[in-house]
Amino acid sequence: MSPAASDRPKVGVGVLLFKGENVLVGKRKGSHGSGTFALPGGHLELGESFEQCAIREVLEETGVQIRDPVFAYATNTVFNATTHYVTIFMRVDVEPGVEAKLMEPDKCEGWTWVPWDSIPEPMFEPLLALKESRYQPFG
Ligand SMILES: CC(C)CCOP(=O)(O)OP(=O)(O)O
Ligand SMILES: [Mg+2]
Ligand SMILES: [Mg+2]
Ligand SMILES: [Mg+2]
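Rules used in this analysis
Residues numbered from 1 in each chain as written. Chains lettered and ligands numbered in written order. Predicted model: local features only at pLDDT ≥ 70, side-chain atom pairs only at ≥ 80, totals over all residues. Heavy atoms only, no water. Helix = DSSP H or I, 4+ residues; strand = E, 2+ residues; numbered from the N terminus. Rg over C-alpha atoms; globule rule 2.2 N^0.38 Å. Contact = heavy atoms within 4.5 Å. Core = buried A, V, L, I, M, F, W, Y, C linked by side-chain atoms within 4.5 Å. Buried < 20%, exposed > 50% of the residue type's maximum accessible area, 1.4 Å probe, protein only. Expected span 1.5 Å × (residues − 1). pLDDT = per-residue confidence, 0-100.

As for the overall build of the protein chain
At step 1: Helix and strand content of the protein chain: two helices and seven strands.
At step 2: Reading the protein chain from its N terminus to its C terminus gives the helix and strand order β-β-β-β-α-β-β-β-α.
At step 3: Its C-alpha radius of gyration of 15 Å places the protein chain within 12% of the 14 Å reference for a compact globule of 139 residues.
At step 4: Counting only C-alpha atoms and orienting by the principal axes, one finds that the protein chain spans roughly 55 × 35 × 30 Å.
At step 5: Within the protein chain, residue pairs in contact and separated by at least 24 positions form 65% of the contacts whose partners lie at least 6 positions apart.

Here you go:
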């Protein structure tokens, strides 16, 4: 018998908003990974492209309207026996004047721009996996 849909991995999309060598992160609140630093992003919804999901989640969570995000990396995170995510990381470089708003105060403590090499800890597991991967954001 095939596993129930709830027994299968889900797909998340994390969005790397770079402003020079700084990246936008926020401390998660209220759902799994609460208290850890993560990128804006969320669940890939039925029928969405990676680009559409990245644009939608960033707008929902930060109020920033991004354009043309590009595929950057993918990670596979088994959080526990019932929580398993493949995360697609999309990247966009934004203008210096772009500022993020805290659109979902029940899900995030606040957004901040930090150097890629100094992302605060603890990091949300998929972001930690990206940092520990071969992904090189600056060539
Ligand atoms: C767990 C993660 C890789 C995918 C889901 O992210 P999320 O909890 O931020 O989801 P939403 O923004 O869609 O609520
Ligand atoms: Mg979201
Ligand atoms: Mg969502
Ligand atoms: Mg989210």
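Describing the nonpolar core
At step 1: Within the largest apolar cluster, 16 residues are counted, with the highest numbers of intra-cluster contacts made by Val 13, Val 15, Leu 17, Ala 54, Val 58, Ile 66 and Val 92.
At step 2: Elements represented by at least two residues in this core include exactly strand 1 (10-19), helix 1 (50-62), strand 6 (83-93) and strand 7 (108-115).
At step 3: Beyond its immediate sequence surroundings of up to four residues, Val 92 is in contact with Val 15, Leu 16, Leu 17, Phe 18, Ile 66, Arg 67 and Pro 69.
At step 4: Core analysis: the second largest hydrophobic core is formed by 15 residues, Ala 72, Val 114, Met 123 and Leu 127 among them.

As for helix 1
At step 1: Look at helix 1: 18 Å from first C-alpha to last across 13 residues, which is about the 18 Å you get at 1.5 Å a residue.
At step 2: Looking at the buried side of helix 1, the elements it contacts are strand 1, strand 2 (22-28), strand 4 (41-43), strand 6 and strand 7.
At step 3: Just past helix 1, the residue Gly 63 takes up positive phi, approximately 75°.

Side note on the confidence of the model for the protein chain
At step 1: Across the protein chain, the average pLDDT comes to 96, with 98% of residues at or above 70.
At step 2: Confidence, expressed as mean pLDDT per element, reaches its minimum in the protein chain at strand 5 (residues 70-80) with 97 and its maximum at helix 1 with 99.
At step 3: The ipTM for the predicted assembly is 0.98, set against a pTM of 0.96.

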